[in-house]
Amino acid sequence: MTAGDVERTVSAMAGAALVVRGAVRRDLAGWLAIAAGSTLIVRGVAGKSLVPRTLALPAAAEEAEIVRSVTVGATPEAITSLLLDPSKWLPGEVVAAVSVVGERWRVDYGLGPLRGEWEATVRPQPGGGVVATSETERSALQSIEVELLEAPDARGCEMRVCVMPDRSGIAGRSLQAFRGVAERMLGHALQRFRQVLETGEVARNEPQPHGRRGALARVVRARREAS
Amino acid sequence: MKALCWMGREDVRVEEVPEPQILNPRDAIVRVTSTAICGSDLHLYGGFIPTLERGDVLGHEFMGEIVEVGAGVGNLEVGDRVIVPFPIACGSCWYCRSDLHSLCDNSNPNAWMAEELFGHSPAGIFGYSHMLGGYAGGQAELVRVPFADVGPLKIGPELSDDQVLLLTDVIPTGWMAAEQADIQTGDVVAIWGAGPVGQFALRAAQLLGASTVIAIDRVASRLRMAQRHGAEVLNYQEVKLQTALRDLTGGRGPDVCIDAVGLEAHGTGPLALYDRVATSVRFETDRSTALREALLACRKGGTVSIAGVYGGYLDKVPLGAAFNKGLRLRMGQTHVHRYLRPLLERVTRGELDGREIITHHMPLEQAPEAYQIFRDKEDECTKVVLQP
């Protein structure tokens, strides 16, 4: 993300002021002011903002896509077949339920208090993979494209998943803003997909034996079980 | 049931916890008959491994009797006596098919945590933090074993628990440390750490053709044990280690150096003190004294094999020495599944025997005391076996 000359000058001056103020205070707020001021000085001098990179925010339109790849030990036909049967692998922490009628999918999702549904048309592609196109306006996702490539050394297929958030809605913009979290969620979903295809089940560790948990863990687990 | 739970740094307690359940078709439940405390459990005990939660059940060296199997387990029956490898492996992914079971792609439900720290996730491990799967461990009366059709190996009644229990970890770990170093007949092998893994690395090096094995430690009882098995021994607190190793090898340095210590290395000198301070204030996560010494001591073009566990970030590691001497580095969690059958044959023939290093048997209820004894090496303790 680049900045103009005026913006750079203002950034540098404001940054210097914050650093001086922070150095005088010498407390937590002061250290935060120094950190913020330093960032503004760097932005002023270099003409580039470190914030988007630090927070993994998209710096340009071309970075809007969320992409993850995974190698799966299976044929393109087996992968495509499982992709078209999402009830076997998609439900998890975020996706509550999936229903499939012909080419149309309806996905009920929830992330904490945020809940919604997504309807899409899903079509297999020649040579393997699928493309899912949203039928819901202002939803989180505009489209999902799954490409398959043969992996070397008889390892199966490289599965590249490209998710395009719908930037016209709040959910899509949130997804884009917190792309680090979105990438991790996508990675987790792909891991589950691979587990189902390669092992026939999803690796689980809950519920299982444990002793008395700490207070914070008890609250988190109680909320998870309640939801 | 009773299980040993981690309740905080240097605080483990035997608690009453819920019994495990079959969660997936390929699971089995094992009633534990013997379980050992591993040196790497001490890293958890000491709070060196992140993502452990209060209440987690520890233990990854265990064996017992199958009491329940899932619908997808066709090769085990209730009543079978089994040993269970410490890494959990699916048997189907590319890594498992390549005999690299500790790198299994599919057995860590919390792979994302490991990816944050390591870039990619290794296999899940019993009782070894949430980053490595969050699975309850085997220092308990019962344990759930995922992918039970792949890991557990049936054992006949002719071998005792003590003879075979250590096949779940330290025997294969010592073996892999020597094997991956590609020891040639006549090689001189130096082993840092004469604890359980070091003792079996010693036996493995001898069986693989080493002419001389040098065991390095500071604990007299462990050095005596190594000496009884034909090793030269060096107490690093009593000699100048680098000089002594050069003297023992005609100035060349050992052909193979094995680090069987890992992240809680002790040592002497300013760098060891630096490690102590840096780890205590969390500037680094692991104390690298043994690895540092091994890299410096190894002969030009030699091999350094790392069997001791490292978990995070190390400081003052002389990679320049490794580079300029053209060293070969080998390391990794043990691919136990690969070694189980061949090493069981060696155990059956008497070439390897867990009984030689087991010094203590204690009931599970005394596990907190057992951890202290093992950590402090009191009472000439080398290995503790707990009986639930």
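Residues numbered from 1 in each chain as written. Chains lettered and ligands numbered in written order. Predicted model: local features only at pLDDT ≥ 70, side-chain atom pairs only at ≥ 80, totals over all residues. Heavy atoms only, no water.

## Some words on the overall build of chain B
Then, number 1: A count of helices and strands for chain B gives 13 helices and 18 strands.
Then, number 2: The C-alpha atoms of chain B give a radius of gyration of 20 Å, which matches the 21 Å a tight globule of 388 residues would have.
Then, number 3: Here the C-alpha coordinates of chain B stretch approximately 60 × 45 × 45 Å along the principal axes.
Then, number 4: Counting over 388 residues, chain B shows a buried share of 60%.
Then, number 5: If you take every contact in chain B between residues at least 6 apart in sequence, the share linking residues at least 24 apart comes to 71%. (Helix = DSSP H or I, 4+ residues; strand = E, 2+ residues; numbered from the N terminus. Rg over C-alpha atoms; globule rule 2.2 N^0.38 Å. Buried < 20%, exposed > 50% of the residue type's maximum accessible area, 1.4 Å probe, protein only. Contact = heavy atoms within 4.5 Å.)

## Quick notes on the sheet that holds strand E1 (residues 2-8) of chain B
Residue and element names in this part refer to chain B.
Then, number 1: With respect to topology, 3 strands assemble into an open sheet ordered E2-E1-E4, the strand pairing being antiparallel. Where the open sheet ends on each side, the last strands, each with one partner, are strand E2 (11-16) and strand E4 (56-57).
Then, number 2: As paired strands, E1 and E4 are joined by 2 bridges and run antiparallel to one another. Considered in E4, the bridge of Cys5 is made with Val57.
Then, number 3: Packed on one face of the sheet, helix H13 (residues 367-376) meets E1 and E2 and runs near 155° to E2. (Pairing = 2+ DSSP bridges. Axes fitted to C-alpha atoms, helices over the stretch in contact; angles between N-to-C directions.)

## A few points about the nonpolar core
Then, number 1: By size, the foremost hydrophobic cluster in this structure holds 75 residues, and its most contacted members are Val164, Leu166 and Leu167 of chain B.
Then, number 2: In this structure, this core is formed jointly by two domains, domain 1 (2-169 + 334-387) and domain 2 (171-331) of chain B, each of which donates at least three residues.
Then, number 3: Contact partners of Leu166 of chain B, with chain neighbours within four places excluded, come to Ala36, Glu61, Ile171, Pro172, Phe200, Gly354, Ile357, Ile358 and Lys383 of chain B.
Then, number 4: Leu82, Leu90, Ile144 and Leu175 of chain A belong to the second-largest nonpolar core, a separate cluster that totals 34 residues. (Core = buried A, V, L, I, M, F, W, Y, C linked by side-chain atoms within 4.5 Å. Domains from an automatic or database assignment.)

## Comments concerning the sheet that holds strand E13 (residues 232-235) of chain B
Whether parallel or antiparallel, the strands of a sheet pair through hydrogen bonds between backbone atoms.
Residue and element names in this part refer to chain B.
Then, number 1: Read across the sheet, 6 strands follow the order E13-E12-E11-E14-E15-E16 without closing on themselves; strand pairing throughout is parallel. Only two strands of the sheet have a single neighbouring strand rather than two, namely E13 and strand E16 (328-331). With strand direction ignored, the average angle separating the axes of adjacent strands in the sheet is 20°.
Then, number 2: As paired strands, strand E14 (residues 256-259) and strand E15 (residues 303-306) are joined by 4 bridges and run parallel to one another. Of the residues in E15, the one forming a bridge with Asp259 is Ile306.
Then, number 3: Sitting on the sheet, helix H8 (residues 241-248) touches strand E11 (188-192), strand E12 (212-217) and E13, and the angle it makes with E13 is about 165°.

## Points about the pairing of E16 of chain B
Successive residues of a regular strand alternate their side chains across the two faces of the sheet.
All names here are of chain B.
Then, number 1: Pairing between E15 and E16: 4 bridges, direction parallel. Bridge assignment links Ser305 to a residue of E16, and that residue is Arg330.
Then, number 2: For the segment spanning E15, helix H11 (residues 319-324) and E16, crossover handedness is right-handed. (Right-handed = clockwise from strand over helix to strand, strands pointing away.)

## A look at the domain arrangement of chain B
Often the size quoted for an interface is simply the accessible area lost on bringing the parts together.
Residues and elements named next belong to chain B.
Then, number 1: The domain architecture assigned to chain B consists of domain 1 (2-169 + 334-387) and domain 2 (171-331).
Then, number 2: Computed over C-alpha atoms only, the centres of domain 1 and domain 2 are separated by 25 Å.
Then, number 3: On the side of domain 2, 25 residues touch domain 1, which itself brings 34 residues to the contact.
Then, number 4: For the pairing of domain 1 and domain 2, the buried interface totals around 2700 Å² over both sides, and the portion due to carbon and sulfur atoms is 63%.
Then, number 5: The interface formed by domain 1 and domain 2 holds 3 salt bridges in total.
Then, number 6: One salt bridge in this structure joins Arg203 and Glu356, with 2.8 Å as the shortest N-O distance.
Then, number 7: One can count 10 residue pairs in polar contact (both at pLDDT 80 or more) joining domain 1 with domain 2.
Then, number 8: Elements that contribute at least two residues to the side of domain 1 that touches domain 2 include exactly helix H1 (39-45), helix H3 (111-118) and helix H12 (336-349).
Then, number 9: A breakdown of the residues in the side of domain 1 that touches domain 2 according to their chemical character gives 17 nonpolar, 7 polar and 10 charged. (Buried area = accessible area lost by both parts, 1.4 Å probe. Salt bridge = Lys/Arg side-chain N within 4 Å of Asp/Glu carboxyl O. Polar contact = N/O pair within 3.5 Å; in protein donor to acceptor, adjacent residues only side chain to side chain. Nonpolar A, V, L, I, M, F, W, Y, C, P; charged D, E, K, R; others polar.)

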